Amino acid sequence: PFVVFILATTEVHKIPATIMSRVQPYDFKLVPTTRLAEHLGSILKTEGIAFEPDAVRTVARQAAGSVRDGLSLLDQIIAYVGDDAITPDRVASVLGLADRRVLVDLARAVLDRDTATALRTLAAALDRGVDLRYLMGALL
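What counts as what
- Residues numbered from 1 in each chain as written.
- Predicted model: local features only at pLDDT ≥ 70, side-chain atom pairs only at ≥ 80, totals over all residues.
- Heavy atoms only, no water.
- Helix = DSSP H or I, 4+ residues; strand = E, 2+ residues; numbered from the N terminus.
- Rg over C-alpha atoms; globule rule 2.2 N^0.38 Å.
- Buried < 20%, exposed > 50% of the residue type's maximum accessible area, 1.4 Å probe, protein only.
- Lys, Arg positive; Asp, Glu negative; His and termini not counted.
- Charge placed at Lys NZ, Arg CZ, Asp CG, Glu CD.
- pLDDT = per-residue confidence, 0-100.
- Core = buried A, V, L, I, M, F, W, Y, C linked by side-chain atoms within 4.5 Å.
- Contact = heavy atoms within 4.5 Å.
- Axes fitted to C-alpha atoms, helices over the stretch in contact; angles between N-to-C directions.
- Parallel < 35°, antiparallel > 145°, perpendicular 65-115°, else oblique.
- Left-handed = near helix turned anticlockwise from the far one by under 90°.
- Nonpolar A, V, L, I, M, F, W, Y, C, P; charged D, E, K, R; others polar.
- Patch = residues over 30% accessible without salt bridge, like charges linked within 9 Å, V, L, I, M, F, W, Y side chains within 5 Å.
- Areas by Shrake-Rupley, 256 points an atom, 1.4 Å probe, with all protein chains shown as cover.
- Salt bridge = Lys/Arg side-chain N within 4 Å of Asp/Glu carboxyl O.

Peer 1: Explain the overall build of the protein here, please?
Peer 2: What the protein contains, in helices and strands, is eight helices and zero strands. Along the protein, helices (α) and strands (β) appear in the sequence α-α-α-α-α-α-α-α when read from the amino end. By the compact-globule yardstick of 14 Å for 140 residues, the protein is too spread out, its C-alpha radius of gyration being 20 Å. Here the C-alpha coordinates of the protein stretch approximately 70 × 40 × 20 Å along the principal axes. For the protein, the proportion of its 140 residues judged to be buried stands at 24%. Distance from the positive charge centre (16 side chains) to the negative charge centre (17 side chains) of the protein: 7 Å.

Shown next, in the form of structure tokens:
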């Protein structure tokens, strides 16, 4: 009579109705980007890792409200930078993010209907390892 089962999922829709009718669901909210950036920054300070606040904000944005994802991304970045400081450029490099210049150039080419420039901009971004899904999402 005192056993409690805790089911955690990000896909509630896959739980059968027979189970859902017998549980108390608790929906957790995503962590705001500013709060997540503060949390990640405090971890870096505790660990004695040098960082720039803009870099941590970028990581928090990419985590999209998930602390677990933010920590995973931060682990990847720390492994990449080693003893160096975590900077926005290094974060962009590790995560395959496009800088604002690429977005502006691409948007200008699209608005000007300049296909050749748009394709050259995309090719250059891909050569630098930019994640195309991120680039298109940021552009939209």
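Peer 1: Can you walk me through the confidence of the model for the protein in this structure?
Peer 2: Parts of the prediction with low pLDDT should not have their coordinates interpreted in detail. Summarising the model, the protein shows a mean pLDDT of 90, and 100% of its residues fall at 70 or more. Between the elements of the protein, mean pLDDT differs from a low of 84, seen in helix 8 (residues 132-139), to a high of 96, seen in helix 2 (residues 33-47).

Peer 1: Sorry if this is basic, but what is going on with the environment of isoleucine 43 here?
Peer 2: You can see isoleucine 43 is positioned in helix 2. Among the residues examined, isoleucine 43 registers a relative accessible area of 26% and is labelled partly exposed. Along the chain, isoleucine 43 and valine 67 lie 24 residues apart, while their C-alpha atoms are 12 Å from each other.

Peer 1: Whenever I open this one, the nonpolar core confuses me. Can you help?
Peer 2: As a rule of thumb, soluble globular proteins bury nonpolar side chains together. In terms of nonpolar packing, the biggest core is built from 17 residues, with Leu40, Val59, Ile77, Ile86, Val91 and Leu95 touching the most fellow members. At the level of secondary structure, the elements contributing two or more residues to this core comprise helix 2, helix 3 (53-63), helix 4 (67-81) and helix 5 (88-95). Non-local contacts of leucine 40, meaning those with residues more than four positions away in its chain, are made with Val56, Val59, Ala60, Gly70, Leu71 and Leu74.

Peer 1: Looking at this model, I keep getting lost on the packing of helix 6 (residues 100-111) against helix 7 (residues 115-127). Mind explaining?
Peer 2: When two helices pack together, their arrangement is given by the angle between the helix axes and by the axis-to-axis distance. Put simply, helix 6 and helix 7 touch, their axes get as near as 8 Å, and they point 155° apart. By the angle between their directions, the pair helix 6 and helix 7 is classed as roughly antiparallel. Read as a crossing pair, helix 6 and helix 7 show a hand that is left-handed. For the pair helix 6 and helix 7, contact is made by Val102, Asp105, Leu106 and Ala109 and by Thr117, Ala118, Thr121, Leu122 and Ala125, respectively. For the contact of helix 6 with helix 7, the per-class residue count stands at six nonpolar, two polar and one charged.

Peer 1: What exactly am I supposed to notice about a nonpolar patch on the surface here?
Peer 2: A surface patch of nonpolar side chains, about 250 Å² in accessible area, is lined by Leu7, Ile19 and Val23. Mapped onto the fold, leucine 7 is located in the segment before helix 1 (17-20). Its relative accessible area of 59% is what places leucine 7 among the exposed residues.

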